[in-house]
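These are the residues of each chain, in order.
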Amino acid sequence: MARLRSDFWVSAYLRRCSVEGLDAALRKRGAAEAGAIFVKVDHLDGTASLYGPAPQLFLDDSGERLFAPILQGVMPLDVEERMTRELRFDPDLWLVEVDDRQGRHLLDLAPGD
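Reading the values: the criteria
- Residues numbered from 1 in each chain as written.
- Predicted model: local features only at pLDDT ≥ 70, side-chain atom pairs only at ≥ 80, totals over all residues.
- Heavy atoms only, no water.
- Phe/Tyr/Trp six-rings, centres within 6.5 Å; stacked < 30°, edge-to-face > 60°.
- Helix = DSSP H or I, 4+ residues; strand = E, 2+ residues; numbered from the N terminus.
- Buried < 20%, exposed > 50% of the residue type's maximum accessible area, 1.4 Å probe, protein only.
- Lys NZ or Arg CZ within 6 Å of the ring centre and 35° of its normal.
- Core = buried A, V, L, I, M, F, W, Y, C linked by side-chain atoms within 4.5 Å.
- Pairing = 2+ DSSP bridges.
- Axes fitted to C-alpha atoms, helices over the stretch in contact; angles between N-to-C directions.
- Contact = heavy atoms within 4.5 Å.

**Overview of the packing of aromatic side chains**
(1) Moving on: Taken as a whole and assessed by the stated rule, the structure comprises 2 aromatic pairs.
(2) Moving on: Between the aromatic rings of W9 and Y13, the centroid separation amounts to 5.0 Å while the plane-to-plane angle is 15°, which identifies the pairing as stacked. One end of the pair is W9 and the other is Y13, both in helix α1 (residues 6-19) and 4 residues apart, which spans about a single turn. There is no split in this pair, since W9 and Y13 are both buried.
(3) Moving on: W9 gets classed as buried once you look at its relative accessible area, which sits at 15%.
(4) Moving on: Members of the aromatic cluster, connected to one another through ring pairs, are W9, Y13 and F67.
(5) Moving on: The ring centre of F8 lies 5.1 Å from the NZ or CZ of R5, which sits over that ring.

Pasting the structure below:
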């Protein structure tokens with residue numbers, strides 16, 4: 001099964017966050033068809049977490065996007081610095097930010113994460 005385009009996935013993710021009562025915003029638009037997607041979760045307590053694409057070995061034929069935690073419970077500036085490095089490597093990536101005190105993100109995580 002083919003993977004859903006990044007622009008469609010992000011649009012659906014933002015809509016799902018809204019329906020679930022999460023504040024989410026698109027911070028950086030990437031390549032429409034296959035840009036890597038990163039999600040920053042601001043815990044609104046001075047900490048944040050960052051999720052990115054899971055390593056390829058966790059992908060299966062379902063076409064579902066799986067995510068893995070990159071940074072957990074760090075200062076928001078740490079997430080911003082990491083994303084600056086990611087953007088130098090891949091200027092076509094997407095960045096979505098979710099604000100939630102409970103740290104909810106609604107992402108499908110790779111096994112073990």
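**Considerations on the nonpolar core**
(1) Moving on: W9, Y13, I37, V39, V98 and L107 are the most contacted members of the largest nonpolar core, which has 14 residues in total.
(2) Moving on: Counting residues per element, this core draws most heavily on α1, which supplies 4 residues.
(3) Moving on: Residues L50, V74, V79 and L93 belong to the second largest nonpolar core, which totals 9 residues.

**Concerning the sheet that holds strand β4 (residues 67-74)**
(1) Moving on: Spatial strand order, β1-β5-β2-β3-β4: 5 strands in an open sheet with mixed pairing. This sheet does not close on itself; its edge strands, each paired only once, are β1 (23-28) and β4. Each adjacent strand pair in this sheet contributes to an overall mean axis angle of 20°, direction not counted.
(2) Moving on: As judged from the 5 bridges shared by β1 and strand β5 (residues 94-99), these two strands associate in the antiparallel manner. Within the sheet, the bridge partner assigned to D23 lies in β5 and is D99.
(3) Moving on: Contacting β1, β2 (37-42), β4 and β5, α1 crosses the sheet at an angle of about 5° to β5.
(4) Moving on: Sheet strands in contact with helix α2 (residues 76-89) are β1, β2, β3 (48-53), β4 and β5, and its direction is about 140° off that of β4.

**So, the environment of E33**
(1) Moving on: Position of E33 relative to the elements: it lies in the loop between β1 and β2.
(2) Moving on: Sequence separation of E33 and W9 is 24 residues, and the distance between their C-alpha atoms is 9.9 Å.
(3) Moving on: If near-sequence neighbours (up to four positions away) are discounted, E33 is found in contact with R5 and S6.

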